[in-house]
Amino acid sequence: MDATAAPFAHRTARWAVGAGVGLVAAASGLGVAELVAVATGPDTSPVVAVGSGVIELTPRVLQEFAISTFGSGHRPVLVAGVVTILAVVTAVAGCAALRRFVVGASLLLALTGIGLVAAATTAQAGIAGALPSLAAAITSVAVLAILVGMTRRVPGRDREHARAPQPAPAPAESTADRPVTPAAEERAHPVGRRTLLLTAAGTAGVAVAAGVGGRMLQGRRFDVAASRSAISLPAPADPAPPLPAGYRYRVDGLSPFFSPARDFYRVDTALVIPQVPAHQWILRIGGSVERPLEITFDELLDRDLTERDITLSCVSNEVGGPYVDTGRWLGFPLDQLLREAGPRGDADQLLSTSQDGMTIGTPLEAVLDGRDALLAVGLNGEPLPARNGFPARMIVPGLYGYTSATKWVVELEVTRFDEVDAYWTARDWDPIGRVKTASRIDLPRPLEQLPQGEVTVAGVAWAQHRGISAAQVRVDGGQWQETELTEPVSDDTWRQWRTTVRVTPGSRRLEVRAADGTGAFQPEERVDPFPDGATGWHSVAVTVTE
(Lines give C-alpha, C1' and ligand atoms only; values in the text may rest on other atoms or scores of the structure.)
Protein backbone atom coordinates (compact mmCIF):
# COMPACT_ATOMS: atom_id res chain seq x y z
CA MET A 1 0.00 0.00 0.00
CA ASP A 2 1.49 3.42 -0.98
CA ALA A 3 2.07 6.32 1.39
CA THR A 4 -1.14 8.17 0.46
CA ALA A 5 -3.43 5.15 0.49
CA ALA A 6 -2.48 4.04 3.99
CA PRO A 7 -3.59 7.22 5.83
CA PHE A 8 -6.82 7.33 3.81
CA ALA A 9 -7.62 3.71 4.65
CA HIS A 10 -6.82 4.40 8.30
CA ARG A 11 -9.14 7.45 8.38
CA THR A 12 -11.91 5.53 6.63
CA ALA A 13 -11.64 2.72 9.16
CA ARG A 14 -11.80 5.20 12.03
CA TRP A 15 -14.88 6.88 10.52
CA ALA A 16 -16.57 3.51 10.17
CA VAL A 17 -15.76 2.61 13.77
CA GLY A 18 -16.95 6.01 15.01
CA ALA A 19 -20.20 5.85 13.04
CA GLY A 20 -20.87 2.35 14.36
CA VAL A 21 -20.20 3.41 17.93
CA GLY A 22 -22.57 6.37 17.60
CA LEU A 23 -25.33 4.30 16.05
CA VAL A 24 -25.06 1.58 18.71
CA ALA A 25 -25.12 4.18 21.49
CA ALA A 26 -28.19 5.91 20.06
CA ALA A 27 -29.95 2.59 19.44
CA SER A 28 -29.32 1.62 23.06
CA GLY A 29 -30.86 4.85 24.26
CA LEU A 30 -33.92 4.47 22.06
CA GLY A 31 -34.39 0.85 23.12
CA VAL A 32 -34.40 1.79 26.79
CA ALA A 33 -36.71 4.74 26.01
CA GLU A 34 -39.26 2.43 24.42
CA LEU A 35 -39.23 0.26 27.55
CA VAL A 36 -39.79 3.29 29.77
CA ALA A 37 -42.59 4.43 27.46
CA VAL A 38 -44.46 1.27 28.44
CA ALA A 39 -45.21 3.13 31.68
CA THR A 40 -45.65 6.64 30.29
CA GLY A 41 -47.44 6.01 26.97
CA PRO A 42 -46.56 5.53 23.27
CA ASP A 43 -46.68 9.25 22.54
CA THR A 44 -43.74 9.82 24.93
CA SER A 45 -41.36 7.75 22.80
CA PRO A 46 -38.60 10.13 21.60
CA VAL A 47 -39.11 9.18 17.95
CA VAL A 48 -42.87 9.68 18.17
CA ALA A 49 -42.53 12.88 20.19
CA VAL A 50 -40.01 14.37 17.76
CA GLY A 51 -42.14 13.27 14.83
CA SER A 52 -45.18 14.94 16.35
CA GLY A 53 -43.14 18.07 16.92
CA VAL A 54 -41.96 17.99 13.31
CA ILE A 55 -45.59 17.78 12.15
CA GLU A 56 -46.41 20.76 14.36
CA LEU A 57 -43.61 22.80 12.80
CA THR A 58 -43.90 21.56 9.22
CA PRO A 59 -45.00 24.29 6.79
CA ARG A 60 -48.47 23.86 5.34
CA VAL A 61 -47.13 23.33 1.79
CA LEU A 62 -45.02 20.36 2.89
CA GLN A 63 -47.94 18.87 4.84
CA GLU A 64 -50.13 19.08 1.73
CA PHE A 65 -47.37 17.50 -0.36
CA ALA A 66 -46.94 14.62 2.11
CA ILE A 67 -50.67 13.87 2.26
CA SER A 68 -51.22 14.16 -1.50
CA THR A 69 -48.10 12.10 -2.31
CA PHE A 70 -48.20 9.40 0.35
CA GLY A 71 -51.80 9.57 1.58
CA SER A 72 -52.29 7.78 4.90
CA GLY A 73 -48.75 6.44 4.42
CA HIS A 74 -47.26 9.86 5.16
CA ARG A 75 -46.85 8.89 8.82
CA PRO A 76 -44.36 6.02 8.31
CA VAL A 77 -42.56 8.20 5.75
CA LEU A 78 -42.22 10.91 8.39
CA VAL A 79 -40.99 8.44 11.01
CA ALA A 80 -38.48 7.04 8.51
CA GLY A 81 -37.26 10.57 7.84
CA VAL A 82 -36.82 11.29 11.56
CA VAL A 83 -34.94 7.98 12.06
CA THR A 84 -32.70 8.71 9.05
CA ILE A 85 -31.75 12.15 10.37
CA LEU A 86 -31.19 10.60 13.79
CA ALA A 87 -28.90 7.96 12.30
CA VAL A 88 -26.81 10.54 10.43
CA VAL A 89 -26.38 12.80 13.45
CA THR A 90 -25.53 9.93 15.80
CA ALA A 91 -22.98 8.58 13.33
CA VAL A 92 -21.34 12.03 13.30
CA ALA A 93 -21.49 12.07 17.11
CA GLY A 94 -19.68 8.74 17.26
CA CYS A 95 -16.92 9.96 14.94
CA ALA A 96 -16.54 13.15 16.97
CA ALA A 97 -16.37 11.18 20.22
CA LEU A 98 -13.28 9.28 19.01
CA ARG A 99 -11.41 12.57 18.95
CA ARG A 100 -13.12 14.43 21.75
CA PHE A 101 -15.61 12.49 23.80
CA VAL A 102 -17.27 15.64 25.13
CA VAL A 103 -18.23 16.77 21.61
CA GLY A 104 -19.82 13.45 20.67
CA ALA A 105 -21.63 13.14 23.98
CA SER A 106 -22.93 16.70 23.63
CA LEU A 107 -24.43 15.86 20.24
CA LEU A 108 -26.24 12.86 21.69
CA LEU A 109 -27.49 14.91 24.61
CA ALA A 110 -28.72 17.58 22.22
CA LEU A 111 -30.72 14.97 20.28
CA THR A 112 -32.29 13.52 23.39
CA GLY A 113 -32.95 17.05 24.61
CA ILE A 114 -35.00 17.69 21.48
CA GLY A 115 -36.98 14.53 22.24
CA LEU A 116 -37.47 15.65 25.83
CA VAL A 117 -38.80 19.07 24.81
CA ALA A 118 -41.01 17.54 22.11
CA ALA A 119 -42.48 15.03 24.57
CA ALA A 120 -43.12 17.76 27.12
CA THR A 121 -45.02 19.85 24.56
CA THR A 122 -46.88 17.21 22.54
CA ALA A 123 -47.42 14.18 24.81
CA GLN A 124 -50.38 13.89 27.16
CA ALA A 125 -48.45 12.35 30.08
CA GLY A 126 -47.28 15.66 31.58
CA ILE A 127 -43.91 15.70 33.33
CA ALA A 128 -43.72 11.90 33.14
CA GLY A 129 -43.56 12.24 29.36
CA ALA A 130 -39.95 13.38 29.69
CA LEU A 131 -38.80 10.14 31.35
CA PRO A 132 -38.19 8.10 28.15
CA SER A 133 -36.01 10.85 26.65
CA LEU A 134 -34.15 11.23 29.95
CA ALA A 135 -33.52 7.48 30.02
CA ALA A 136 -32.35 7.64 26.41
CA ALA A 137 -29.87 10.41 27.26
CA ILE A 138 -28.32 8.55 30.17
CA THR A 139 -28.13 5.22 28.35
CA SER A 140 -26.76 6.54 25.06
CA VAL A 141 -23.98 8.58 26.71
CA ALA A 142 -23.05 5.67 28.99
CA VAL A 143 -22.82 3.23 26.07
CA LEU A 144 -20.89 5.80 24.03
CA ALA A 145 -18.36 6.17 26.87
CA ILE A 146 -17.88 2.41 27.17
CA LEU A 147 -17.43 1.81 23.44
CA VAL A 148 -15.16 4.81 22.90
CA GLY A 149 -13.05 3.64 25.82
CA MET A 150 -12.75 0.23 24.20
CA THR A 151 -11.68 1.66 20.84
CA ARG A 152 -8.79 3.42 22.53
CA ARG A 153 -7.40 0.06 23.62
CA VAL A 154 -7.83 -1.68 20.27
CA PRO A 155 -4.74 -2.67 18.20
CA GLY A 156 -3.81 -0.01 15.71
CA ARG A 157 -5.03 2.85 17.93
CA ASP A 158 -1.60 3.07 19.60
CA ARG A 159 0.35 3.33 16.35
CA GLU A 160 0.69 7.05 16.78
CA HIS A 161 2.64 6.40 19.97
CA ALA A 162 4.91 4.09 18.05
CA ARG A 163 6.04 7.00 15.87
CA ALA A 164 8.08 8.45 18.78
CA PRO A 165 11.82 7.68 18.52
CA GLN A 166 12.76 4.41 20.19
CA PRO A 167 16.18 2.98 20.96
CA ALA A 168 17.33 0.67 18.20
CA PRO A 169 17.21 -2.97 19.30
CA ALA A 170 20.33 -5.06 19.24
CA PRO A 171 20.75 -6.91 15.92
CA ALA A 172 20.66 -10.27 17.61
CA GLU A 173 17.30 -9.47 19.24
CA SER A 174 15.64 -7.76 16.22
CA THR A 175 12.10 -8.89 15.47
CA ALA A 176 11.57 -6.70 12.38
CA ASP A 177 11.47 -9.67 10.10
CA ARG A 178 9.42 -11.80 12.42
CA PRO A 179 5.74 -11.99 11.24
CA VAL A 180 3.17 -10.74 13.76
CA THR A 181 0.08 -12.91 13.70
CA PRO A 182 -3.39 -11.52 14.60
CA ALA A 183 -3.42 -13.83 17.62
CA ALA A 184 -0.10 -12.47 18.85
CA GLU A 185 -1.26 -8.87 18.29
CA GLU A 186 -4.52 -9.63 20.14
CA ARG A 187 -2.58 -10.94 23.15
CA ALA A 188 -0.44 -7.80 23.21
CA HIS A 189 -3.44 -5.54 23.99
CA PRO A 190 -6.14 -5.66 26.68
CA VAL A 191 -9.05 -5.36 24.21
CA GLY A 192 -9.07 -6.74 20.69
CA ARG A 193 -10.99 -5.83 17.59
CA ARG A 194 -13.03 -8.98 17.88
CA THR A 195 -14.00 -8.10 21.45
CA LEU A 196 -15.06 -4.60 20.38
CA LEU A 197 -17.12 -5.92 17.47
CA LEU A 198 -18.77 -8.57 19.61
CA THR A 199 -19.55 -6.03 22.33
CA ALA A 200 -21.01 -3.56 19.83
CA ALA A 201 -23.03 -6.25 18.05
CA GLY A 202 -24.33 -7.64 21.32
CA THR A 203 -25.29 -4.18 22.55
CA ALA A 204 -27.05 -3.44 19.27
CA GLY A 205 -28.96 -6.72 19.51
CA VAL A 206 -30.09 -5.94 23.05
CA ALA A 207 -31.11 -2.43 21.94
CA VAL A 208 -33.22 -3.77 19.09
CA ALA A 209 -34.82 -6.36 21.37
CA ALA A 210 -35.59 -3.66 23.94
CA GLY A 211 -37.08 -1.38 21.30
CA VAL A 212 -39.22 -4.06 19.70
CA GLY A 213 -40.25 -5.46 23.07
CA GLY A 214 -41.12 -1.99 24.33
CA ARG A 215 -43.33 -1.27 21.33
CA MET A 216 -45.08 -4.62 21.75
CA LEU A 217 -45.69 -4.02 25.44
CA GLN A 218 -46.98 -0.53 24.71
CA GLY A 219 -49.38 -1.98 22.17
CA ARG A 220 -50.71 -4.47 24.71
CA ARG A 221 -50.98 -2.07 27.60
CA PHE A 222 -52.52 0.85 25.75
CA ASP A 223 -54.61 -1.05 23.20
CA VAL A 224 -58.32 -0.22 23.52
CA ALA A 225 -59.45 -3.37 21.70
CA ALA A 226 -60.71 -4.96 24.93
CA SER A 227 -62.53 -1.78 25.93
CA ARG A 228 -64.11 -1.51 22.51
CA SER A 229 -65.17 -5.16 22.34
CA ALA A 230 -66.86 -4.89 25.74
CA ILE A 231 -69.24 -2.18 24.52
CA SER A 232 -72.76 -3.05 23.46
CA LEU A 233 -74.24 -0.10 21.61
CA PRO A 234 -77.88 0.66 22.43
CA ALA A 235 -80.55 0.74 19.76
CA PRO A 236 -81.07 4.27 18.47
CA ALA A 237 -84.03 6.19 19.87
CA ASP A 238 -84.10 7.99 16.51
CA PRO A 239 -83.08 5.43 13.83
CA ALA A 240 -81.95 6.34 10.35
CA PRO A 241 -84.78 6.65 7.81
CA PRO A 242 -85.38 3.48 5.75
CA LEU A 243 -83.16 3.18 2.70
CA PRO A 244 -85.01 3.55 -0.62
CA ALA A 245 -85.06 0.49 -2.85
CA GLY A 246 -82.78 2.09 -5.43
CA TYR A 247 -80.20 3.62 -3.09
CA ARG A 248 -77.27 1.70 -4.66
CA TYR A 249 -76.04 0.00 -7.83
CA ARG A 250 -74.29 -3.35 -7.83
CA VAL A 251 -71.52 -2.68 -10.33
CA ASP A 252 -68.09 -4.27 -10.03
CA GLY A 253 -65.53 -1.58 -9.32
CA LEU A 254 -68.05 1.01 -8.14
CA SER A 255 -67.58 2.39 -4.61
CA PRO A 256 -70.13 0.76 -2.27
CA PHE A 257 -72.72 3.08 -0.80
CA PHE A 258 -71.61 2.26 2.75
CA SER A 259 -67.84 2.12 3.19
CA PRO A 260 -66.67 -0.72 5.48
CA ALA A 261 -65.30 0.67 8.73
CA ARG A 262 -61.93 -1.01 8.13
CA ASP A 263 -61.60 0.88 4.82
CA PHE A 264 -62.87 4.26 5.99
CA TYR A 265 -60.37 6.93 5.06
CA ARG A 266 -58.16 8.45 7.72
CA VAL A 267 -56.32 11.76 7.41
CA ASP A 268 -54.92 13.34 10.59
CA THR A 269 -51.63 14.34 12.19
CA ALA A 270 -51.46 11.62 14.87
CA LEU A 271 -48.34 9.45 14.57
CA VAL A 272 -49.71 7.13 17.24
CA ILE A 273 -53.44 6.43 17.39
CA PRO A 274 -54.69 7.75 20.74
CA GLN A 275 -55.82 4.89 22.96
CA VAL A 276 -58.57 6.04 25.33
CA PRO A 277 -60.47 3.29 27.18
CA ALA A 278 -64.18 4.03 27.28
CA HIS A 279 -64.33 3.96 31.08
CA GLN A 280 -61.65 6.68 31.25
CA TRP A 281 -63.21 8.96 28.64
CA ILE A 282 -64.80 12.23 29.78
CA LEU A 283 -66.08 15.02 27.55
CA ARG A 284 -65.82 18.50 29.02
CA ILE A 285 -67.96 21.31 27.62
CA GLY A 286 -67.01 24.81 28.67
CA GLY A 287 -65.91 28.21 27.49
CA SER A 288 -68.53 30.86 26.87
CA VAL A 289 -71.44 28.87 28.31
CA GLU A 290 -73.83 29.31 31.21
CA ARG A 291 -73.55 25.76 32.56
CA PRO A 292 -70.27 23.84 31.96
CA LEU A 293 -70.82 20.10 31.55
CA GLU A 294 -68.89 16.87 31.96
CA ILE A 295 -70.14 13.64 30.41
CA THR A 296 -68.75 10.11 30.78
CA PHE A 297 -69.07 7.44 28.12
CA ASP A 298 -71.67 5.47 30.07
CA GLU A 299 -73.70 8.65 30.57
CA LEU A 300 -73.52 9.29 26.84
CA LEU A 301 -74.80 5.79 26.00
CA ASP A 302 -77.67 6.25 28.48
CA ARG A 303 -79.00 9.16 26.43
CA ASP A 304 -81.42 8.84 23.51
CA LEU A 305 -79.08 8.31 20.58
CA THR A 306 -79.63 9.26 16.94
CA GLU A 307 -78.63 7.25 13.87
CA ARG A 308 -77.90 8.90 10.51
CA ASP A 309 -76.28 8.07 7.17
CA ILE A 310 -73.65 10.73 6.44
CA THR A 311 -70.84 11.13 3.91
CA LEU A 312 -67.54 12.53 5.18
CA SER A 313 -64.90 14.09 2.97
CA CYS A 314 -61.46 15.57 3.58
CA VAL A 315 -60.41 19.00 2.37
CA SER A 316 -57.07 17.47 1.32
CA ASN A 317 -58.86 15.43 -1.33
CA GLU A 318 -57.66 16.23 -4.82
CA VAL A 319 -60.14 16.06 -7.68
CA GLY A 320 -61.09 12.38 -8.01
CA GLY A 321 -59.28 11.52 -4.77
CA PRO A 322 -60.06 8.72 -2.28
CA TYR A 323 -60.65 10.69 0.91
CA VAL A 324 -64.43 10.46 0.97
CA ASP A 325 -66.62 7.71 2.47
CA THR A 326 -70.15 7.12 3.70
CA GLY A 327 -71.14 5.47 6.95
CA ARG A 328 -74.09 4.90 9.25
CA TRP A 329 -73.30 6.89 12.37
CA LEU A 330 -74.76 6.53 15.86
CA GLY A 331 -74.42 9.37 18.35
CA PHE A 332 -76.03 12.10 20.38
CA PRO A 333 -77.10 15.38 18.75
CA LEU A 334 -74.46 18.03 19.34
CA ASP A 335 -76.97 20.85 19.34
CA GLN A 336 -78.75 19.32 22.35
CA LEU A 337 -75.51 19.05 24.28
CA LEU A 338 -74.60 22.65 23.58
CA ARG A 339 -78.05 23.92 24.48
CA GLU A 340 -77.75 22.12 27.81
CA ALA A 341 -74.55 24.08 28.40
CA GLY A 342 -76.16 27.32 27.20
CA PRO A 343 -73.85 29.13 24.72
CA ARG A 344 -73.63 32.87 25.25
CA GLY A 345 -74.85 35.14 22.49
CA ASP A 346 -71.48 36.51 21.32
CA ALA A 347 -69.94 33.07 20.62
CA ASP A 348 -69.50 31.91 17.01
CA GLN A 349 -67.00 29.01 17.24
CA LEU A 350 -67.04 25.55 18.77
CA LEU A 351 -63.41 24.68 19.48
CA SER A 352 -62.97 20.93 19.89
CA THR A 353 -59.84 19.28 21.26
CA SER A 354 -58.66 15.74 20.60
CA GLN A 355 -56.92 13.44 23.07
CA ASP A 356 -53.68 14.05 21.16
CA GLY A 357 -54.00 17.83 21.47
CA MET A 358 -55.32 18.56 17.98
CA THR A 359 -57.78 21.47 17.89
CA ILE A 360 -60.53 22.01 15.32
CA GLY A 361 -62.75 25.05 15.00
CA THR A 362 -66.37 24.58 13.87
CA PRO A 363 -68.83 27.37 13.04
CA LEU A 364 -71.23 27.31 15.97
CA GLU A 365 -74.13 28.16 13.67
CA ALA A 366 -73.56 24.95 11.68
CA VAL A 367 -73.94 22.91 14.87
CA LEU A 368 -77.08 24.67 16.03
CA ASP A 369 -78.98 25.14 12.73
CA GLY A 370 -80.82 21.80 12.88
CA ARG A 371 -78.57 19.63 10.71
CA ASP A 372 -77.64 16.17 12.01
CA ALA A 373 -74.44 17.16 13.84
CA LEU A 374 -73.51 14.28 16.13
CA LEU A 375 -71.18 13.32 18.92
CA ALA A 376 -70.75 9.88 17.36
CA VAL A 377 -69.95 6.64 19.18
CA GLY A 378 -70.76 4.08 16.47
CA LEU A 379 -70.05 3.42 12.80
CA ASN A 380 -71.98 0.86 10.73
CA GLY A 381 -73.49 -0.78 13.80
CA GLU A 382 -70.27 -1.14 15.81
CA PRO A 383 -68.31 1.06 18.22
CA LEU A 384 -65.99 3.43 16.40
CA PRO A 385 -62.70 1.85 15.30
CA ALA A 386 -59.72 3.22 17.22
CA ARG A 387 -58.27 4.71 14.05
CA ASN A 388 -61.51 6.58 13.40
CA GLY A 389 -62.01 8.17 16.78
CA PHE A 390 -62.95 5.66 19.51
CA PRO A 391 -64.53 6.30 21.95
CA ALA A 392 -66.21 9.39 20.45
CA ARG A 393 -65.84 11.85 17.61
CA MET A 394 -67.67 14.75 15.99
CA ILE A 395 -69.68 14.60 12.76
CA VAL A 396 -71.09 17.79 11.17
CA PRO A 397 -72.64 17.24 7.70
CA GLY A 398 -71.75 19.77 5.03
CA LEU A 399 -68.34 20.70 6.41
CA TYR A 400 -64.96 19.21 5.58
CA GLY A 401 -63.37 17.15 8.32
CA TYR A 402 -60.78 19.78 9.22
CA THR A 403 -63.53 22.05 10.59
CA SER A 404 -65.95 19.47 11.93
CA ALA A 405 -64.86 15.86 12.37
CA THR A 406 -62.65 15.81 15.48
CA LYS A 407 -61.60 12.27 16.37
CA TRP A 408 -60.87 11.16 19.97
CA VAL A 409 -62.63 14.32 21.13
CA VAL A 410 -62.31 15.13 24.84
CA GLU A 411 -63.21 18.82 25.10
CA LEU A 412 -65.63 21.30 23.53
CA GLU A 413 -65.10 25.00 24.15
CA VAL A 414 -67.61 27.61 23.03
CA THR A 415 -65.60 30.64 21.93
CA ARG A 416 -65.02 33.08 19.06
CA PHE A 417 -62.99 32.84 15.85
CA ASP A 418 -61.38 36.21 16.59
CA GLU A 419 -60.17 34.94 19.97
CA VAL A 420 -58.83 31.45 19.23
CA ASP A 421 -57.26 29.92 16.10
CA ALA A 422 -57.61 26.17 15.72
CA TYR A 423 -54.79 24.07 14.24
CA TRP A 424 -55.75 24.39 10.58
CA THR A 425 -57.10 27.94 10.63
CA ALA A 426 -53.82 29.03 12.22
CA ARG A 427 -52.26 27.67 9.02
CA ASP A 428 -54.49 29.87 6.86
CA TRP A 429 -57.14 27.32 5.88
CA ASP A 430 -60.64 28.70 5.52
CA PRO A 431 -62.36 28.72 8.95
CA ILE A 432 -65.74 27.56 7.58
CA GLY A 433 -64.75 24.58 5.39
CA ARG A 434 -68.02 24.18 3.51
CA VAL A 435 -68.01 21.07 1.30
CA LYS A 436 -67.87 21.76 -2.43
CA THR A 437 -69.73 19.78 -5.07
CA ALA A 438 -67.54 16.95 -6.37
CA SER A 439 -67.77 13.81 -8.50
CA ARG A 440 -65.49 10.91 -9.34
CA ILE A 441 -65.21 8.25 -12.04
CA ASP A 442 -64.66 4.85 -10.41
CA LEU A 443 -64.75 2.84 -13.63
CA PRO A 444 -63.20 2.43 -16.04
CA ARG A 445 -59.88 2.73 -14.28
CA PRO A 446 -57.21 5.18 -15.46
CA LEU A 447 -55.19 3.82 -18.40
CA GLU A 448 -57.47 0.80 -18.70
CA GLN A 449 -57.74 -0.88 -22.11
CA LEU A 450 -61.32 -1.17 -23.36
CA PRO A 451 -62.92 -2.79 -26.40
CA GLN A 452 -64.61 -0.46 -28.86
CA GLY A 453 -68.36 -0.04 -28.63
CA GLU A 454 -70.56 0.46 -25.59
CA VAL A 455 -68.75 0.68 -22.23
CA THR A 456 -70.06 1.32 -18.72
CA VAL A 457 -68.94 4.44 -16.91
CA ALA A 458 -69.86 4.76 -13.21
CA GLY A 459 -68.88 6.64 -10.09
CA VAL A 460 -70.08 8.74 -7.17
CA ALA A 461 -70.97 12.39 -6.57
CA TRP A 462 -71.41 14.35 -3.34
CA ALA A 463 -72.36 17.79 -2.05
CA GLN A 464 -73.16 17.20 1.61
CA HIS A 465 -76.08 19.14 3.05
CA ARG A 466 -77.13 20.27 -0.44
CA GLY A 467 -77.52 16.92 -2.16
CA ILE A 468 -76.85 15.87 -5.76
CA SER A 469 -79.39 16.57 -8.52
CA ALA A 470 -77.47 15.48 -11.65
CA ALA A 471 -74.27 13.90 -12.93
CA GLN A 472 -73.11 14.12 -16.56
CA VAL A 473 -70.38 12.39 -18.57
CA ARG A 474 -68.71 13.25 -21.87
CA VAL A 475 -66.06 11.71 -24.12
CA ASP A 476 -63.17 13.72 -25.57
CA GLY A 477 -64.81 17.06 -24.83
CA GLY A 478 -68.01 16.21 -26.73
CA GLN A 479 -71.61 16.68 -25.68
CA TRP A 480 -72.55 16.07 -22.06
CA GLN A 481 -74.61 12.96 -21.49
CA GLU A 482 -76.96 12.55 -18.52
CA THR A 483 -76.29 9.62 -16.21
CA GLU A 484 -78.65 7.49 -14.17
CA LEU A 485 -78.54 8.34 -10.47
CA THR A 486 -79.42 6.14 -7.51
CA GLU A 487 -82.34 7.16 -5.34
CA PRO A 488 -81.21 9.81 -2.83
CA VAL A 489 -80.84 8.69 0.77
CA SER A 490 -80.49 12.24 2.07
CA ASP A 491 -78.82 15.51 1.18
CA ASP A 492 -75.96 14.49 3.48
CA THR A 493 -74.92 11.39 1.51
CA TRP A 494 -73.32 10.80 -1.84
CA ARG A 495 -75.14 9.26 -4.80
CA GLN A 496 -73.86 6.66 -7.20
CA TRP A 497 -74.28 7.23 -10.94
CA ARG A 498 -73.81 5.15 -14.09
CA THR A 499 -74.25 5.30 -17.84
CA THR A 500 -72.95 3.74 -21.04
CA VAL A 501 -71.00 5.56 -23.71
CA ARG A 502 -69.85 4.56 -27.19
CA VAL A 503 -66.09 4.70 -27.73
CA THR A 504 -63.98 4.17 -30.85
CA PRO A 505 -60.39 2.92 -31.08
CA GLY A 506 -57.64 5.22 -29.83
CA SER A 507 -56.84 7.22 -26.71
CA ARG A 508 -60.02 8.56 -25.10
CA ARG A 509 -60.69 10.92 -22.22
CA LEU A 510 -63.80 10.55 -20.07
CA GLU A 511 -64.98 13.43 -17.88
CA VAL A 512 -67.68 13.83 -15.24
CA ARG A 513 -69.37 16.80 -13.61
CA ALA A 514 -72.18 16.97 -11.05
CA ALA A 515 -74.79 19.46 -9.93
CA ASP A 516 -75.81 19.99 -6.32
CA GLY A 517 -79.38 20.15 -5.03
CA THR A 518 -79.74 23.75 -6.21
CA GLY A 519 -78.87 22.76 -9.79
CA ALA A 520 -75.45 24.47 -9.76
CA PHE A 521 -72.74 22.44 -11.55
CA GLN A 522 -69.28 22.12 -10.14
CA PRO A 523 -66.80 24.41 -11.94
CA GLU A 524 -64.44 23.14 -14.60
CA GLU A 525 -61.41 25.07 -13.37
CA ARG A 526 -58.93 22.95 -11.43
CA VAL A 527 -58.16 24.46 -8.03
CA ASP A 528 -55.89 22.92 -5.40
CA PRO A 529 -57.34 21.96 -2.00
CA PHE A 530 -55.86 24.97 -0.18
CA PRO A 531 -57.50 27.00 1.31
CA ASP A 532 -61.07 25.67 1.15
CA GLY A 533 -61.21 22.53 -1.02
CA ALA A 534 -60.42 21.41 -4.55
CA THR A 535 -62.60 22.01 -7.59
CA GLY A 536 -62.55 20.74 -11.17
CA TRP A 537 -63.92 17.97 -13.34
CA HIS A 538 -62.51 14.51 -12.80
CA SER A 539 -61.23 12.82 -15.96
CA VAL A 540 -59.89 9.38 -16.83
CA ALA A 541 -57.73 8.51 -19.84
CA VAL A 542 -58.30 5.07 -21.41
CA THR A 543 -57.16 3.20 -24.49
CA VAL A 544 -59.80 1.70 -26.79
CA THR A 545 -58.76 -1.25 -28.94
CA GLU A 546 -60.39 -2.63 -32.06
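Residues numbered from 1 in each chain as written. Predicted model: local features only at pLDDT ≥ 70, side-chain atom pairs only at ≥ 80, totals over all residues. Heavy atoms only, no water.

**Considering the nonpolar core**
Among the nonpolar cores identified, the biggest contains 51 residues, and W281, W329, L334, L375 and V377 are the most heavily contacted of them. A per-element tally of this core places strand 7 (residues 374-379) first, with five residues. Core analysis: the next-biggest nonpolar cluster, separate from the first, contains 19 residues, V455, A461, L485 and V503 among them. (Core = buried A, V, L, I, M, F, W, Y, C linked by side-chain atoms within 4.5 Å. Buried < 20%, exposed > 50% of the residue type's maximum accessible area, 1.4 Å probe, protein only. Helix = DSSP H or I, 4+ residues; strand = E, 2+ residues; numbered from the N terminus.)

**What about the sheet that holds strand 6 (residues 359-363)?**
Backbone-to-backbone hydrogen bonds join strands into a sheet, with any given pair of strands oriented parallel or antiparallel. On the basis of which strands lie adjacent, the open sheet formed by five strands has the order 2-1-10-5-6 and mixed pairing. Since the sheet does not close on itself, it has two edges, and those belong to strand 2 (293-296) and strand 6, each with one partner. Pairs of neighbouring strands in the sheet enclose a mean axial angle of 20 degrees, with direction left out of account. Sheet topology note: the strand 5 (residues 349-354)/strand 10 (residues 409-415) ladder contains six bridges and is antiparallel. Looking across to strand 10, one finds that S352 is bridged to L412. (Pairing = 2+ DSSP bridges. Axes fitted to C-alpha atoms, helices over the stretch in contact; angles between N-to-C directions.)

**So, the pairing of strand 4 (residues 324-333)**
Of all 10 residues in strand 4, nine are buried; the element is thus mostly enclosed. Taken together, the eight bridges between strand 3 (residues 306-313) and strand 4 define a ladder with antiparallel strand orientation. When the bridges of strand 4 are listed, S313 appears paired with V324. Where strand 4 meets strand 7, five bridges bridge the pair, whose relative direction is antiparallel. Note that in strand 7 the partner of L330 across the bridge is G378.

**Some words on the pattern of salt bridges**
Counted under the stated rule, the structure contains 20 salt bridges. Note that R416 and D418 form a salt bridge whose closest N and O atoms lie 3.1 Å from each other. Judged by its relative accessible area of 58%, D418 falls in the exposed class. The residue R509 makes a salt bridge to E511 at a minimum N-O spacing of 2.8 Å. Overlapping salt bridges bring together D238, R308 and D372 as one network. (Salt bridge = Lys/Arg side-chain N within 4 Å of Asp/Glu carboxyl O.)

**Describing a nonpolar patch on the surface**
A surface patch of nonpolar side chains, about 280 Å² in accessible area, is lined by L131, L134 and I138. Residue placement: L131 occurs in helix 6 (residues 131-151). (Patch = residues over 30% accessible without salt bridge, like charges linked within 9 Å, V, L, I, M, F, W, Y side chains within 5 Å. Areas by Shrake-Rupley, 256 points an atom, 1.4 Å probe, with all protein chains shown as cover.)

**Some words on the packing of helix 6 against helix 9 (residues 193-222)**
When two helices pack together, you describe them by how their axes are tilted relative to each other and by the distance separating the axes. At a minimum axis distance of 10 Å, the contact between helix 6 and helix 9 shows a crossing angle of 165 degrees. Classified by the interaxial angle, the pair formed by helix 6 and helix 9 is roughly antiparallel. Handedness of the helix 6/helix 9 crossing: left-handed. Side by side, helix 6 and helix 9 meet where V143, L147, M150 and T151 of the first sit next to T195, L196, T199, A200 and T203 of the second. In terms of residue class, the contact of helix 6 with helix 9 is built from five nonpolar, four polar and no charged. (Parallel < 35°, antiparallel > 145°, perpendicular 65-115°, else oblique. Left-handed = near helix turned anticlockwise from the far one by under 90°. Contact = heavy atoms within 4.5 Å. Nonpolar A, V, L, I, M, F, W, Y, C, P; charged D, E, K, R; others polar.)

**Observations regarding the environment of S507**
Note that S507 resides in strand 18 (residues 506-516). For the pair formed by S507 and D476, sequence separation is 31 residues and the distance between their alpha carbons is 9.1 Å. Residues within four places of S507 in sequence aside, it is in contact with D476 and V542.

**A short note on the sheet that holds strand 12 (residues 449-451)**
Judged by pairing direction, the sheet is mixed, and its five strands sit side by side in the order 12-19-18-14-15 without closing on themselves. Of all strands in the sheet, those bounded by a partner on one side alone are strand 12 and strand 15 (481-482). In this structure, strand 14 (residues 468-475) lies alongside strand 15, joined through two bridges in antiparallel fashion. Counted as the bridge partner of V473 is Q481 from strand 15.

Taken by themselves, the reported measurements are silent on function.
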